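Take a look at the letters that make up each chain.
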Amino acid sequence: MMKILVLNGPNLNMLGIREPAVYGRRTWRDLVDLILAHARETGVFAAVYQTNSEGELVTAVQKAYGRYDGLVINPAAYTHTSVALLDAVKAVGIPTVEVHISDVSKREDFRQVSFVRQAAALTVAGHGFDGYTEAMDYLKKRYEAEGER
Ligand code: DQA
């Protein structure tokens, strides 16, 4: 069974509370439930992790090496700052999709830079929670296509 690791950066545990006009009213728990239900429905194994710490995100990416077949990452604010996270994703070479709940392209100037995007096969932004399931579907399709080669 394909294994996908879904990584989430700072303040995403505050979903449902933080800026509902931007991120909606559904909670972090709702997001985890959605991801795990989608994994069950589509026949993949998914693990979901959230941390406020940049170093822990880097470590989580490193630990995925040899264990996971795909990464879904919403690095939150570290999207716009973290070369370390970009380097980690490049280092492990696992197919990765960058996800943002909000449409970052329509927000502040400082959100227009994404370091991790350089190493991502796809970016999904502005699709709300569905962006995560779209990312999982993309990775699954890609994994299956590679298996057929
Ligand atoms: C975010 C967008 C980032 O700019 C922001 O710092 C976040 C969440 C999103 O999911 O829309 O924390 O990654």
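About the criteria used
- Residues numbered from 1 in each chain as written.
- Predicted model: local features only at pLDDT ≥ 70, side-chain atom pairs only at ≥ 80, totals over all residues.
- Heavy atoms only, no water.
- Buried < 20%, exposed > 50% of the residue type's maximum accessible area, 1.4 Å probe, protein only.
- Helix = DSSP H or I, 4+ residues; strand = E, 2+ residues; numbered from the N terminus.
- Arc of directions from axis to C-beta.
- Polar contact = N/O pair within 3.5 Å; in protein donor to acceptor, adjacent residues only side chain to side chain.
- Contact = heavy atoms within 4.5 Å.
- Salt bridge = Lys/Arg side-chain N within 4 Å of Asp/Glu carboxyl O.

Participant: When you look at helix α3 (residues 54-64) in this model, what are you seeing that I'm missing?
Facilitator: Taken together, the buried positions of α3 are occupied by Leu57, Val58, Ala60, Val61 and Ala64. The arc that holds every buried residue of α3, seen down its axis, measures 160°, which confines them to one face. Put simply, Ser53 is the residue that caps the front of α3, since its side-chain oxygen is 3.4 Å from the backbone nitrogen of Gly55. Of the residues one or two after α3, Gly66 is the one with positive phi, at around 80°.

Participant: What's the story with the side chain of Thr133 in this structure? I'm lost.
Facilitator: Relative to the helices and strands, Thr133 resides in helix α5 (residues 130-148). Among all residues touching Thr133, those that are not within four sequence positions of it are Leu34 and His38.

Participant: When you look at the side chain of His100 in this model, what are you seeing that I'm missing?
Facilitator: For His100, the location among the structural elements is in strand β4 (residues 96-100). There is a polar contact of 2.7 Å between the side chain of His100 and the side chain of Glu98. Dropping the residues within four chain positions of it, His100 is found in contact with Asn74, Pro75, Thr79, Arg117, Val124, Ala125, Gly126 and His127.

Participant: Explain the pattern of salt bridges here, please?
Facilitator: Two side chains that carry opposite charge are able to pair once their charged atoms sit near each other. What the rule picks out here adds up to seven salt bridges. Asp33 is the partner of Arg29 in a salt bridge, and the nearest nitrogen-oxygen pair spans 3.2 Å. One end of the pair is Arg29 and the other is Asp33, both in helix α2 (residues 28-42) and four residues apart, which spans about a single turn. Of the charged contacts, one joins Glu144 and Lys140 as a salt bridge, the two residues approaching to 3.1 Å between their closest N and O atoms. Of this pair, Glu144 and Lys140 both sit in helix α5, four residues apart, which is roughly one turn of that helix. Through salt bridges with shared partners, a single network forms among Arg107, Glu108 and Arg111.

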